[in-house]
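# Notes for the structure review
This is what each chain is made of:
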Amino acid sequence: MANHMRLVLHLLLLFLFAVQEVRLVCVDVPSDTEAIVGRAKKLTCIYCMKREEISAETKVEWSYISPDQEKVLIYLYDRKPQEPEDVDEQWKGRLTWNGSKDLQDLSISIQNVTLNDTGTYECKVSRFFEFDSFKLSASKTITIDLDVKKKASQDIAALYSEIMMYVLLVFLTFWLLVEMIYCYRKISKSDEQAQDTAY
């Protein structure tokens, strides 16, 4: 019994060390480019840090590029998320920070999307690294072409998968019914043989 307890304790310690070694993985995924009128829309901007032990000061500028190529600053992260003081009335109070604490996800959300929100969005991330003897900066720009629609478009893959699910459900139900009839007949036949041998 003592050996069994010792083995359990060793496995528990091994599990605890394994859990401590697990870290969240940053995955650079592109933003979805379709939004629906009246709903909230997350504009995804991810800039993964390659080495987590290196600290960096991060600055993020979110801009909207109008159809006539005029760039307007709509949201800013500089030590904290904030709306620019002179932000256009169209964006006032509608943008919220949707990023992560480790500043690898630098996304924002648009609340109550309108058709006027269609256009190009730019997420410009600047990182400033400070080492013992020198400073280094790196930047990344992500562009999102947002298309706002009145209704969600029908996803063909989702439609096909739904049809296949119902076909599979009908097939499995029919197969289960056949199996039940087969088993019932086999049990009935064995009962009849048992009765015949009893006489």
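This write-up is about the structure you can find in this document. (Residues numbered from 1 in each chain as written. Predicted model: local features only at pLDDT ≥ 70, side-chain atom pairs only at ≥ 80, totals over all residues. Heavy atoms only, no water.)

This part takes up the side chain of lysine 41. If you trace the backbone, lysine 41 turns up in strand S2 (residues 41–43). The exposure class of lysine 41 is buried, given its relative accessible area of 9%. Within the local environment of lysine 41, its side chain forms a polar contact with the side chain of aspartate 32, the two groups lying 3.2 Å apart. There is a polar contact of 3.2 Å between the side chain of lysine 41 and the backbone oxygen of glutamate 34. Lysine 41 has contacts with Asp32, Glu34, Ala35, Ile108, Ser109, Ile110, Val113 and Leu146, leaving out every residue within four places of it along the chain. (Helix = DSSP H or I, 4+ residues; strand = E, 2+ residues; numbered from the N terminus. Buried < 20%, exposed > 50% of the residue type's maximum accessible area, 1.4 Å probe, protein only. Polar contact = N/O pair within 3.5 Å; in protein donor to acceptor, adjacent residues only side chain to side chain. Contact = heavy atoms within 4.5 Å.)

The 3 strands are arranged S2-S7-S6 in an open sheet whose pairing can be described as antiparallel. Of all strands in the sheet, those with a lone pairing partner are S2 and strand S6 (95–97), marking the two edges. When strand polarity is set aside, the average angle formed by the axes of neighbouring strands in this sheet is 30 degrees. (Pairing = 2+ DSSP bridges. Axes fitted to C-alpha atoms, helices over the stretch in contact; angles between N-to-C directions.)

Here the focus is the sheet that holds strand S1 (residues 34–36). If you walk across this open sheet you meet the 6 strands as S1-S9-S8-S3-S4-S5, and the pairing is mixed. Only two strands of the sheet have a single neighbouring strand rather than two, namely S1 and strand S5 (81–82). Note: strand S8 (residues 119–130) against strand S9 (residues 135–149), 12 bridges, orientation antiparallel. Counterpart to phenylalanine 129 in the pairing with S9 is leucine 136.

Another aspect to go through is a nonpolar patch on the surface. On the surface, a nonpolar cluster with roughly 650 Å² of combined accessible area is contributed by Leu168, Phe171, Leu172, Trp175, Leu176 and Met180. Looking at the element boundaries, leucine 172 is found in helix H2 (residues 156–198). According to the relative accessible area criterion, leucine 172 is partly exposed, its value standing at 42%. (Patch = residues over 30% accessible without salt bridge, like charges linked within 9 Å, V, L, I, M, F, W, Y side chains within 5 Å. Areas by Shrake-Rupley, 256 points an atom, 1.4 Å probe, with all protein chains shown as cover. Salt bridge = Lys/Arg side-chain N within 4 Å of Asp/Glu carboxyl O.)

Here 10 bridges tie strand S3 (residues 56–65) to S8, and the two strands are oriented antiparallel to one another. From the neighbouring strand, serine 63 faces S8, where its bridge partner is glutamate 122. Bridging between S3 and strand S4 (residues 71–78) involves 7 bridges; their strand directions are antiparallel. In the strand pairing of S4, glutamate 61 is matched with leucine 76. Taking the residues that link successive antiparallel strands as the turn, the S3-S4 hairpin has 5 residues, and the phi of glutamine 69 there is positive, at about 65 degrees.

Turning next to the state of the cysteines. Scanning all chains against the criterion turns up 1 disulfide. Each sulfur of the disulfide joining cysteine 45 and cysteine 123 lies 2.0 Å from the other. Across the S-S bond linking cysteine 45 and cysteine 123, the dihedral sits near -75 degrees, which makes this disulfide left-handed. Of this pair, cysteine 45 sits in the loop between S2 and S3 while cysteine 123 sits in strand S8; the two residues are 78 residues apart in sequence, bridging distant segments of the chain. An identical accessibility class is assigned to cysteine 45 and cysteine 123; each is buried. (Disulfide = S-S within 2.5 Å.)

Moving on: the environment of leucine 103. Along the chain, leucine 103 falls in the loop between S6 and strand S7 (108–110). Here the alpha-carbon distance between leucine 103 and methionine 49, two residues 54 residues apart in the chain, equals 8.7 Å. If we ignore the near neighbours within four places in the chain, the residues touching leucine 103 are Tyr47, Thr58, Tyr77, Trp97 and Arg127.

A few words on a negative patch on the surface. A grouping of Asp68, Glu70, Asp88 and Glu89 is seen on the molecular surface, where their side chains present a negatively charged patch. Mapped onto the fold, glutamate 89 is located in the loop between S5 and S6. The class for glutamate 89 is exposed, based on a relative accessible area of 63%. (Lys, Arg positive; Asp, Glu negative; His and termini not counted. Charge placed at Lys NZ, Arg CZ, Asp CG, Glu CD.)

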